[in-house]
Amino acid sequence: MTIHLPQGPYEPRATPLDLAPSGAPLASRTVFSAAHVVADPYADISPDDPVAVDWDATLAFRRHLWSHGLGVAEAMDTAQRGMGLDWAGAAELIRRSAAEAKSAGGRIACGVGTDQLTGPATLPEVRAAYEEQLALVEASGAQAVLMASRALAAAAKGPEDYLETYAHLLRQATEPVVLHWLGPMFDPALEGYWGSADLDAATDTFLKVIGEHPDKVDGIKISLLDAEREIDVRRRLPGGVRCYTGDDFNYPELIAGDDRGFSHALLGIFDPLGPLAAHAVRVLDTGDVDGFRALLDPTVELSRHLFKAPTRFYKTGVVFLAWLAGHQDHFTMAGGLQSARSLPHLAKAYELADRLGLFPDPGLAEARMRALLTVHGGNR
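Within each chain, residue numbers correspond to sequence positions counted from 1 in written order. Per-residue local features of the predicted model are confined to residues with pLDDT of at least 70, and side-chain atom pairs are confined, for both listing and counting, to 80 or more; whole-chain, interface and lining totals are unaffected and use all residues. Neither water nor hydrogens contribute to the side-chain values; these are computed over all heavy atoms in the structure.

Peer 1: Help me understand the pairing of strand S9 (residues 242-245) in this model?
Peer 2: Consecutive side chains along a regular strand alternate between the two faces of the sheet. Pairing of strand S8 (residues 217-223) with S9, which is carried by four bridges, proceeds in the parallel orientation. When the sheet's bridge partners are listed, Ile-222 is paired in S9 with Thr-245. Crossovers are described as right-handed under a simple rule: with the strands pointing away from the observer, the path leading from the first strand over the helix to the second runs clockwise. For helices the rule is a DSSP run of H or I covering at least 4 residues; for strands it is a run of E covering at least 2, with both sets numbered from the N terminus onward. This β-α-β element, S8 to helix H7 (residues 227-235) to S9, shows right-handed connectivity. Paired strands are those between which DSSP finds at least two bridges. Pairing of S9 with strand S10 (residues 264-267) involves two bridges; the strand directions are parallel. Note that in S10 the partner of Tyr-244 across the bridge is His-264. Read from S9 through helix H8 (residues 251-256) to S10, the crossover connection turns out right-handed.

Here you go:
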């Protein structure tokens, strides 16, 4: 039956893609989905209070990703870290998810940042905050992802402060880590990271950190939405250091690669695309690059829609699609962030995802979309 969306009438598809779970690990690429957190809609809290997490639904979603052979990147910005989820909540999330990963046999990497610092901080305080979080992640048995730090961006006077801080942390790490360069489109407070607003100069500093400690860097994640820069950096990495694309605009071509290399993946868009992404990589495992592109290229329109400016609010679309897909029974987010995107934006996300066959139960997704339209006074 036709559903009347803000952009016009739409005929929902009747059947989803057949994407049954296959727990076998992916072979040709290492792929992490940066997973969202499910809030508790019945908690009587304000947006300024600590997040109340629905732990059962949150961990169930991680088991869903693992069942398809994907790794989980935990406590990253997808989980509203720094936008509702504080360090205490992130620490509990890391502990619970790492334990769940051990039980399920799933791969997990966890974000290490400095978000326990809530005001201006000195460089020694930034290092201490990083060390505290690194120790917790390593104690949990998860791989560490050294995330970009708002506090470091505010405290650093130039490239040398970044070089010294990261050198200190890499010496502390007991296992190789992933370094994460998150651009200001995801977090405006990270403008000028690596000591310069000039991306060429920042890139040189970033590569210098890696070049001086290649044995402590498993890989890098670049989230700049700049495919050419990622390819350039990828080609300049020391041998054995991986590039994990964080480019939610250009991921199919970057993962497919070229005759000089390819990117692995650590992506927020692989939260809603998890089963399809895993299926596509399994096709790539057979050497079928065209088949891989045929599956993933059509998803880029949805991803670019979810990640459109202001990009930091992409999380709203991710959780919205999880609700429509039946992974949670409500559309409530930490800090009330479900209000961060408009009804037309969400309706377009529904249409694009439905056209791709992403909803396991298209009827449920349609019913929930109609309910949202009714709440907004727009269901006709």
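Peer 1: Which parts of the structure should I look at to understand the layout of surface pockets?
Peer 2: Of the two site types, the cavity is a set of points on a 1 Å grid over the protein atoms alone where a 1.4 Å probe fits but cannot get out, and the pocket is an open set with protein on both sides within 12 Å along at least five of seven lines, each lined by residues with an atom within 4 Å of a point. Grid points are joined across faces, edges and corners, and a volume is the space filled by probe spheres set on the points. Approximately 500 Å³ is the volume found for the largest pocket. The wall of the largest pocket is formed by 25 residues, among which Arg-81, Gly-82, Asp-115, Arg-150 and Asp-187 lie closest to the centre. Those elements that provide at least two residues to the lining of the largest pocket are helix H4 (150-155) and strand S7 (177-182). Residues are grouped as follows: Ala, Val, Leu, Ile, Met, Phe, Trp, Tyr, Cys and Pro are nonpolar; Asp, Glu, Lys and Arg are charged; all remaining types, including Gly, are polar. Taken together, the residues of the lining of the largest pocket break down into eleven nonpolar, seven polar and seven charged. Within this model, the second largest pocket holds a volume of roughly 300 Å³. In terms of lining residues, the second largest pocket is bounded by 21 residues, among which His-64, Pro-275, His-327, Leu-358 and Pro-360 are the most central. Of all the secondary-structure elements, those providing two or more residues to the lining of the second largest pocket are helix H1 (55-67), helix H9 (274-285) and helix H12 (314-324).

Peer 1: I would appreciate a short explanation of the pattern of salt bridges in the present structure.
Peer 2: Pairing between side chains becomes possible if they bear opposite charge and their charged atoms approach one another. Just to be clear on terms, a salt bridge is a Lys or Arg side-chain nitrogen sitting within 4 Å of an Asp or Glu carboxyl oxygen. Across all of its chains, the model carries 17 salt bridges by this definition. Across the pair Arg-96 and Glu-92 runs a salt bridge whose closest N-O atoms are separated by 2.8 Å. A residue pair is termed a helical-turn pair when its members lie 3 or 4 positions apart in one helix, as Arg-96 and Glu-92 do in helix H2 (residues 87-104) at four residues. On the basis of relative accessibility, which here comes to 26%, the residue Glu-92 falls in the partly exposed class. Here the residues in one salt-bridge network are Glu-92, Arg-95 and Arg-96, joined through shared partners. Relative accessibility decides the category of a residue: with a 1.4 Å probe and only protein chains considered, values under 20% of the type maximum give buried, values over 50% give exposed, and everything between is partly exposed.

Peer 1: Where do I start with the environment of Ser-67 in this structure?
Peer 2: With respect to the helices and strands, the residue Ser-67 is situated in helix H1. Expressed as a C-alpha distance, the spacing of Ser-67 and Arg-304, which sit 237 residues apart in the sequence, is 26 Å. Residues contacting Ser-67, with those up to four places away along its chain left out, are Pro-21, Ser-22 and Gly-23. Two residues form a contact once any of their heavy atoms are found within 4.5 Å.

Peer 1: I keep staring at the packing of aromatic side chains and nothing clicks. Help me out?
Peer 2: In this description, a pair of aromatic rings is defined by centroid distance and the angle of the planes. Any two of the Phe, Tyr and Trp rings considered here, Trp counted by its six-membered ring, make a pair once their centres fall within 6.5 Å; the pair's planes then place it as stacked at under 30 degrees, edge-to-face at over 60, or tilted in between. Enumeration over the complete set of coordinates arrives at 18 aromatic pairs. Between the aromatic rings of Phe-186 and Phe-307, the centroid separation amounts to 6.3 Å while the plane-to-plane angle is 70 degrees, which identifies the pairing as edge-to-face. Placement of Phe-186 in the loop between S7 and helix H6 (199-212) and of Phe-307 in the loop between helix H11 (300-306) and H12 is noted, with a sequence separation of 121 residues between them. In this pair, the class of Phe-186 matches that of Phe-307, namely buried. Considering the side-chain rings of Phe-186 and Tyr-314, the 6.1 Å spacing of their centres and the 85 degrees angle between planes classify their relative orientation as edge-to-face.

Peer 1: I keep staring at the sheet that holds strand S4 (residues 71-74) and nothing clicks. Help me out?
Peer 2: Sheets are built from strands paired through backbone hydrogen bonds, the pairs being either parallel or antiparallel. With respect to topology, eight strands assemble into a closed barrel ordered S3-S4-S5-S6-S7-S8-S9-S10, the strand pairing being parallel. Averaged over all neighbouring strand pairs, the angle between strand axes comes to 25 degrees, with direction disregarded. Both strand S5 (residues 108-112) and strand S6 (residues 143-146) contribute to a ladder of four bridges, which runs parallel. Note on S6: the bridge partner recorded for Gly-111 is Val-145. Here an angle of 0 to 180 degrees is reported between the N-to-C directions of two axes, which are lines fitted to C-alpha atoms, with helices fitted over the stretch in contact. H1 contacts strand S3 (31-34), S4 and S5 of the sheet and is inclined by roughly 145 degrees relative to S4.

Peer 1: So what exactly am I meant to see when it comes to H6 here?
Peer 2: Residue count minus one, scaled by 1.5 Å, sets the expected span of a helix. Spanning 14 residues, H6 covers 20 Å between terminal C-alpha atoms, matching the ideal 20 Å at 1.5 Å per step. Listed in full, the buried residues belonging to H6 are Ala-202, Thr-203, Thr-205, Phe-206, Leu-207, Val-209 and Ile-210. In this structure, the buried residues of H6 make contact with helix H5 (159-172), S7, S8 and H7. Between the side-chain oxygen of the N-cap and the backbone nitrogen of Asp-200 there are 2.8 Å, and the N-cap of H6 in question is Asp-198. A 3.5 Å cut-off defines polar contacts: any pair of N or O atoms within that distance qualifies, except that in protein one atom must be a possible hydrogen donor and the other a possible acceptor, and neighbouring residues in sequence count only when both atoms are side-chain atoms.

Peer 1: Explanation requested: the packing of H2 against helix H3 (residues 123-140) in the structure shown.
Peer 2: The angle between the axes and the distance between the axes are what describe a pair of packed helices. Their axes nearest at 9 Å, the elements H2 and H3 cross at an angle of 20 degrees. One element, H2, and the other, H3, form an angle in the roughly parallel class. Pair H2 / H3 crosses with right-handed handedness. Contact with H2, carried on its side by Trp-87, Ala-91, Ile-94, Arg-95, Ala-98 and Lys-102, involves Glu-132, Gln-133, Leu-136, Val-137 and Ser-140 of H3 and no other residues of that element. When an angle is under 35 degrees it counts as roughly parallel; over 145 it counts as roughly antiparallel; between 65 and 115 it counts as roughly perpendicular; any other value is oblique. Less than a right angle of anticlockwise turn of the near helix away from the far helix marks a crossing as left-handed, whereas a clockwise turn marks it as right-handed.

Peer 1: When you look at the pairing of S6 in this model, what are you seeing that I'm missing?
Peer 2: Neither face of S6 is left uncovered, since the one carrying Gln-143 and Val-145 and the one carrying Ala-144 and Leu-146 both have all their residues buried. With H3 bridging S5 and its parallel neighbour S6, the resulting β-α-β unit is right-handed. When S6 meets S7, the two strands line up parallel, connected through two bridges. In the strand pairing of S7, Leu-146 is matched with Leu-179.

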